[in-house]
Each structure stands twice: as structure tokens, then as C-alpha cells.
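Architecture at a glance
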Amino acid sequence: ADGVDIAIRFELPSTASFIVRKLVADPWVVCASPGYLNQHGPISEPADLHDHRCIVIHANGRTTSRWQFSSAERATYDIDVEGVTYGIGLVAREAALSGLGVARLARFLVREKLESGELVQVLKGHMPNDDRSIYAVYPDRQYLPTKVRLFLDELADYMASTMPS
């Protein structure tokens, strides 16, 4: 009705009236700059976050001050973190790069910075296996236009090649 062929979503839509295609896994990554970690100490357990300045995102009316973790001893559990609130993930990433604290960000936002060493992932063994992904969402149509199907296939191939699991 709105003339939109495809929407890219970072969570599953709440309505079942759409076709959903998973493009790529995009798990949360808890990270900080090497300088921040050198100055404030290591983080080996989620509870250590209470002794650190966390970078909290507030976007779309939601604040991400409750971070979810899991471990062999405990299934899934939440840690309430305190820190400075920033807007969108890009701003939080820049704050982490500047050494202002520890951030929990989507892998697609930090992958290159982790590879370059500008950011360091912490708590790798404590991240939940929650299948957080990037999805393509489109209307339920009996006949999907060829151009839309081709775009979707190319987008999925591109994302798989640039963000391997």
C-alpha cells in the first residue's frame, strides 16, 4: 500500500502478513577500545560491567541498558548496565572508539573496527545464542516482480560475502 518493495529490518516483524528472508546473522558484540581497557582493566565476566562505564543506546524510544548474556552455568540472564546514553549505534561506536566506555553493538557496525584492532571484543563466551539477524521483509505477493527477486538475491549474496558467519 505504501509502494515499498523491500524493507531491511534488524528484528522480525511483529505481523505475519509479510514474507521474511534472513540475510545474515548479526549478533551483538560487547567491545571497547584497547586504550579504555588498558586504563580501566579487563572484563572477564558480565558482572565486571558494573565496574565500567557502559555506552547505552537510546533509539526508537527504547534504551538498551539491559544486556543479555548466557553461559554454561546459566542459560540466559540479564545485566543492567549504567553509563552514558547515546543515540543511534553509529554514535555509540564512535564513543567506544574514542575510549569513552564499553558498548554493545551489532556486529555489522563494528566488524571492520574489530579486524583493525581499533576495538576489542570482550565477553565473547558469554553472548546469547539468540539468532539476532538482518532480514529482508516484503509483502506477501503471489508473483514477486523479477527485479525485486534479483535485488534480494544480490543483496543476500553481498551480505554473505562481506559478513561471513
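This text gives an overview of the structure that appears in the document. The model shown is predicted, which means the values in this text are computed figures rather than measured ones.

**A short note on the pattern of salt bridges**
Within this structure, the stated rule accounts for 8 salt bridges. Glu112 is the partner of Arg111 in a salt bridge, and the nearest nitrogen-oxygen pair spans 3.9 Å. For Arg111, a relative accessible area of 21% puts it in the partly exposed group. For the salt bridge of Arg111 with Glu115, the shortest nitrogen-to-oxygen distance reads 3.3 Å. Here Arg111 pairs with Glu115, and both are found in helix α3 (residues 107-116), just 4 residues apart, close to one helical turn. Its relative accessible area of 59% is what places Glu115 among the exposed residues. Salt bridges here are not isolated pairs; linked through shared partners, they connect Arg21, Arg149 and Asp153.

**Looking at the environment of Val20**
Note on placement: Val20 falls in strand β2 (residues 18-25). Residue class for Val20 comes out partly exposed when judged on its relative accessible area of 34%. With 116 residues separating them in the primary sequence, Val20 and Ala136 have C-alpha atoms 5.8 Å apart. In contact with Val20, other than residues within four places in its own chain, are Leu12, Pro13, Tyr135, Ala136 and Val137.

Reading the values: the criteria
- Residues numbered from 1 in each chain as written.
- Predicted model: local features only at pLDDT ≥ 70, side-chain atom pairs only at ≥ 80, totals over all residues.
- Heavy atoms only, no water.
- Salt bridge = Lys/Arg side-chain N within 4 Å of Asp/Glu carboxyl O.
- Buried < 20%, exposed > 50% of the residue type's maximum accessible area, 1.4 Å probe, protein only.
- Helix = DSSP H or I, 4+ residues; strand = E, 2+ residues; numbered from the N terminus.
- Contact = heavy atoms within 4.5 Å.

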